[in-house]
Amino acid sequence: FFFNDPATTEIYTEQIVGSVRCVQETDVEEIECLQRPLEVIHEVSTIEQQLVVDILWSDPTDNDSEIGIHANTIRDPNGTGNIVKFGPDRVQQFLDLNNLSMIIRAHECVMDGFERFAAGSLITVFSATDYCQKHKNAGAVLILKKNFEITPKLIYPSSTNVGNWIDDEETLKKRPPTPPRWKNTLPRKSSYE
């Protein structure tokens, strides 16, 4: 998600961090113009393919003191150089170029469910708890109020050793059916404060 000036209610919604690696040449309009559905190619050969890889796989550096662009050895173990980590300076350049004040991104497991970066200008949120049943991470959701105040709500992994998946047919048969979705005829709330 990208946020404009809090005085306005216009919000750009993209689940991306932007091509911060090439931030001088990339803006929100260029990202919006990418042909959908996106084709993800790890061995990139065009600028558009690199932009998609940047959007999906590039991550912030480990802390705000690491500026610039660095190899992302976790997501790019083969060292192709197509996947990078970006510093807080690149976040600020992207925000300035696009007249934005904040980026909210996902698609990266963070231990506390959410993580602030670039002095709070970028927030990573990850809702899956105990990712792949081996990370023991919390999950989080962000509550966004009309005044653009953001409140994280943490979701902690289950402390039991019971898995979250139904592994056998017998248990699946005992599960209650999914209730039908009825058309809501009640008036819709005008705000969610």
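Above this text sits the structure in question.
Now for a look at the structure at hand. (Residues numbered from 1 in each chain as written. Predicted model: local features only at pLDDT ≥ 70, side-chain atom pairs only at ≥ 80, totals over all residues. Heavy atoms only, no water.)

1. Some remarks on the state of the cysteines
In the structure shown here, the tally under the stated rule is zero disulfides. Free cysteine: Cys 109, not disulfide-bonded; nearest cysteine sulfur from Cys 132 at 8.0 Å. On the accessibility criterion, Cys 109 (26% relative accessible area) is partly exposed. Cys 132 sits in the exposed class, given a relative accessible area of 52%. (Disulfide = S-S within 2.5 Å. Buried < 20%, exposed > 50% of the residue type's maximum accessible area, 1.4 Å probe, protein only.)

2. What about the pairing of strand β7 (residues 114–117)?
The sheet contact formed by β7 and strand β8 (residues 122–125) spans four bridges and is antiparallel. Counted as the bridge partner of Glu 115 is Thr 124 from β8. (Pairing = 2+ DSSP bridges. Helix = DSSP H or I, 4+ residues; strand = E, 2+ residues; numbered from the N terminus.)

3. So, helix α2 (residues 47–57)
For an α-helix, the turn length of 3.6 residues means that residues three or four places apart are oriented alike. Of the residues making up α2, those classed as buried are Gln 49, Gln 50, Leu 51, Val 52, Val 53, Asp 54 and Ile 55. Tucked into the core, α2 has its buried residues touching α1 (28–32). (Contact = heavy atoms within 4.5 Å.)

4. Notes on the sheet that holds strand β5 (residues 84–86)
Spatially, three strands are ordered β3-β5-β4 in an open sheet, and the strand pairing comes out mixed. At either end of the open sheet lies a strand with only one pairing partner, and these are β3 (59–60) and β4 (69–71). Taken together, the three bridges between β4 and β5 define a ladder with antiparallel strand orientation. Considered in β5, the bridge of Ile 69 is made with Phe 86.

5. Concerning unusual backbone geometry
For the peptide bond that leads from Arg 36 to Pro 37, omega is -5°, which places it in the cis range. Following the sequence through the fold, Pro 37 ends up in the loop between α1 and α2. The phi angle at Asn 99 is positive, at roughly 55°, despite the residue not being glycine. Positionally, Asn 99 belongs in the loop between α3 (88–97) and β6 (102–105). The class for Asn 99 is exposed, based on a relative accessible area of 63%. Of note in the backbone geometry, Phe 148 takes a positive phi value of approximately 70° without being a glycine. With respect to the helices and strands, Phe 148 occurs in the loop between β9 (139–144) and β10 (150–155). With a relative accessible area of 15%, Phe 148 lands in the buried category.

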